[in-house]
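Structural characterization, general
Okay, here's what each chain looks like letter by letter:
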Amino acid sequence: MKLTEQRSSMLHGVLLMALFACAAFYIGDMDFVKALSFSPMIVGIILGMLYANSLRNNLPETWTPGIAFCSKRILRAGIVLYGFKLTFQNIADVGVAAVCIDAIIVCGTIALGLLVGRLLKMDRGITLLTAVGSAICGAAAVLGTESAIKVKPYKTAVAVATVVIFGTTAMFLYPVLYRNGIVDLTPAQMGIYTGSTVHEVAHVVGAGNAMGSEVSDSAIIVKMIRVMMLVPVLLVITWDVARAARRNPEADPMQRGKIQIPWFAILFLVVIVFNSFNLLPQTVVNGINTLDTFMLTMAMTALGAETSIEKFKKAGPKPFLLALVLFVWLLAGGYALAKYLYPVLA
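Residues numbered from 1 in each chain as written. Predicted model: local features only at pLDDT ≥ 70, side-chain atom pairs only at ≥ 80, totals over all residues. Heavy atoms only, no water.

A look at helix α4 (residues 64-82)
If you check α4, its first and last C-alpha atoms are 26 Å apart, about what 19 residues at 1.5 Å a residue would give, namely 27 Å. At C70, α4 shows its maximal kink, close to 35 degrees. Among all positions in α4, only G66, I67, C70, S71, I74, L75, G78, I79, V80 and Y82 are buried. (Helix = DSSP H or I, 4+ residues; strand = E, 2+ residues; numbered from the N terminus. Expected span 1.5 Å × (residues − 1). Bend = angle between axes of the 7 residues up to and from the residue. Buried < 20%, exposed > 50% of the residue type's maximum accessible area, 1.4 Å probe, protein only.)

Considering the nonpolar core
Membership of the largest hydrophobic core comes to 85 residues, with the highest contact counts inside it found for I79, V132, I136, M190, I220 and M224. The biggest single contributor to this core is helix α8 (residues 153-179), with eleven residues. Those residues in contact with M190 that lie beyond four places of it in its chain are Y174, Y178, V183, L185, M211 and V215. In this structure, V14, L16, A18 and L47 belong to the second largest nonpolar core, which totals 18 residues. (Core = buried A, V, L, I, M, F, W, Y, C linked by side-chain atoms within 4.5 Å. Contact = heavy atoms within 4.5 Å.)

Comments concerning the pattern of salt bridges
Applying the stated rule across the entire model yields one salt bridge. Linking D184 and K339 is a salt bridge whose minimum nitrogen-to-oxygen distance equals 3.3 Å. Of the two residues, D184 sits in the loop between α8 and α9 (187-197) while K339 sits in helix α16 (residues 317-345), which places them 155 residues apart along the sequence. (Salt bridge = Lys/Arg side-chain N within 4 Å of Asp/Glu carboxyl O.)

Details of the packing of helix α3 (residues 40-52) against helix α10 (residues 201-211)
Following both chains from N to C, one finds α3 and α10 inclined at 130 degrees, their axes separated by 8 Å at the closest point. In terms of axis orientation, α3 runs oblique to α10. On α10, the residues that touch M41, I42 and I45 of α3 are H203, V205, G206, N209 and A210. Each residue belonging to the contact of α3 with α10 can be placed in one class, and the counts come to five nonpolar, three polar and no charged. (Axes fitted to C-alpha atoms, helices over the stretch in contact; angles between N-to-C directions. Parallel < 35°, antiparallel > 145°, perpendicular 65-115°, else oblique. Nonpolar A, V, L, I, M, F, W, Y, C, P; charged D, E, K, R; others polar.)

Some remarks on the packing of aromatic side chains
Two numbers describe a pair of aromatic rings. These are the distance of the centres and the angle of the planes. All chains considered together, the criterion is met by six aromatic pairs. Between the aromatic rings of F25 and F294, the centroid separation amounts to 5.7 Å while the plane-to-plane angle is 45 degrees, which identifies the pairing as tilted. Highlighted residues: F25 in helix α1 (residues 3-28) and F294 in helix α14 (residues 282-305), separated in sequence by 269 residues. An aromatic cluster is defined as three or more aromatic residues linked by ring pairs; in this entry it consists of Y174, Y193 and Y335. (Phe/Tyr/Trp six-rings, centres within 6.5 Å; stacked < 30°, edge-to-face > 60°.)

What to know about the environment of T238
Considering the arrangement of structural elements, one finds T238 in helix α12 (residues 230-247). A C-alpha to C-alpha distance of 7.0 Å links T238 and I149, two positions 89 residues apart in sequence.

Some remarks on the packing of α9 against helix α11 (residues 213-228)
Across the interface, α9 lies against α11 with an axial gap of 7 Å and an inter-helix angle of 35 degrees. As α9 runs across α11, the sense of the crossing is right-handed. Of the residues in α11, those touching α9 at P187, A188, M190, G191, I192, T194, G195, S196 and T197 are E214, V215, S218, A219, V222, K223 and R226. Looking at the contact of α9 with α11 residue by residue, the classes come out as seven nonpolar, six polar and three charged. (Left-handed = near helix turned anticlockwise from the far one by under 90°.)

Notes on the environment of W329
Counting through the fold element by element, W329 comes out in helix α16. Overall, the relative accessible area of 24% leaves W329 in the partly exposed class. For the pair formed by W329 and L112, sequence separation is 217 residues and the distance between their alpha carbons is 8.8 Å. Dropping the residues within four chain positions of it, W329 is found in contact with I104, I105, G108, T109, L112 and G334.

Some words on the side chain of T293
Tracing the sequence through the fold places T293 in helix α14. Residue contacts for T293: discarding those within four places in its chain leaves F25, M41 and K85.

So, helix α6 (residues 124-135)
A rise of 1.5 Å per residue sets the reference length of α6, with its twelve residues, at 16 Å; its end C-alpha atoms lie 16 Å apart and thus fit the reference within 8%. Taken together, the buried positions of α6 are G125, I126, T127, L128, L129, T130, A131, V132, G133, S134 and A135. Here α6 starts with a cap whose side-chain oxygen sits 2.9 Å from the backbone nitrogen of G125, and that cap is D123. (Polar contact = N/O pair within 3.5 Å; in protein donor to acceptor, adjacent residues only side chain to side chain.)

As for a nonpolar patch on the surface
On the surface, F88, V273, F274, F277, L279, L280 and V284 cluster together into a nonpolar patch covering about 640 Å² of accessible area. For V273, the position within the fold is in helix α13 (residues 263-276). (Patch = residues over 30% accessible without salt bridge, like charges linked within 9 Å, V, L, I, M, F, W, Y side chains within 5 Å. Areas by Shrake-Rupley, 256 points an atom, 1.4 Å probe, with all protein chains shown as cover.)

Section: the environment of M10
Relative to the assigned elements, M10 resides in helix α1. Judged by relative accessible area, which is 31%, M10 ranks as partly exposed. The spacing of M10 and I67 is 57 residues in sequence and 7.7 Å in space, taken between C-alpha atoms. Not counting residues up to four positions away in its chain, the partners in contact with M10 are T62, P65, G66 and F69.

Overview of unusual backbone geometry
Phi is positive for K121, which is not a glycine, with a value near 55 degrees. Inspection of the secondary structure assignment puts K121 in the loop between α5 (88-119) and α6. For K121, a relative accessible area of 73% corresponds to the exposed category. Positive phi is not limited to glycine here, since N278 has a value of about 55 degrees. Along the chain, N278 falls in the loop between α13 and α14.

Next comes the structure, spelled out in structure tokens:
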């Protein structure tokens, strides 16, 4: 395929997600949808999932790169621009407590994942990908870990499927738990709880927006601190894989790979620092925030469009059982940390 044809095909996929995002904005503005606290982003992922399990097989496969572009590039650009909704003072308000809770969640989730995977006699690659994806930032962490350990593509698809479905579940569940008082947490604690336990960055943004700005602002900061922890985790994984390969390279198929630093997370923090100086007029900032919401809605729709029933059938039960165990740990352990440890550290 020629370069111009490739660009045209990608543009088709991007435009499709943009149309879905427009529809999500329109639906999200309806009174009954507002009553459900469904933001355009949540509506977008629902539309994407409906598309994935109905019309997607009838559209050209060449449009897929455009959809993937939205779920990766546009998502990261949207997260960077999300920094215009926050200031450096907000990060100071979250403080050391958030870093400590994030560290406990990340280390505990990976350790538990490796233990459960061993008990279930699962493939080591799928186990590690699923554990890191659940611990840090969903599909982005899975893809980053894949680049470090070099597993077969189907294992990556399985891990992504697990974190997407449980991340989506969390995005819908957390606002329900919070709005109905099932979890007895303050907005600050709920932000810590959401940011430190929900899988995808986009899912945290979606859930946070459904619970209000007090929750959303702290949740996204806590989540981005968690995303930043992908760097040391990948360093440790790469070192461990290299050590295992040196010890017995034929017995361990996983090879050392290039570590991908999540630059979008760093740029997100840079934008927050810039926004803290109030250098731009408020009207410009408001326009950027509207554009950012639209971009994140496109990304959420694209994530939903990658969630098909066939992926789950091919995966088998064990990876989903592992992801379920980790999901329960995140729900229970994260709640305990936000409820009891955060007030002590804050």
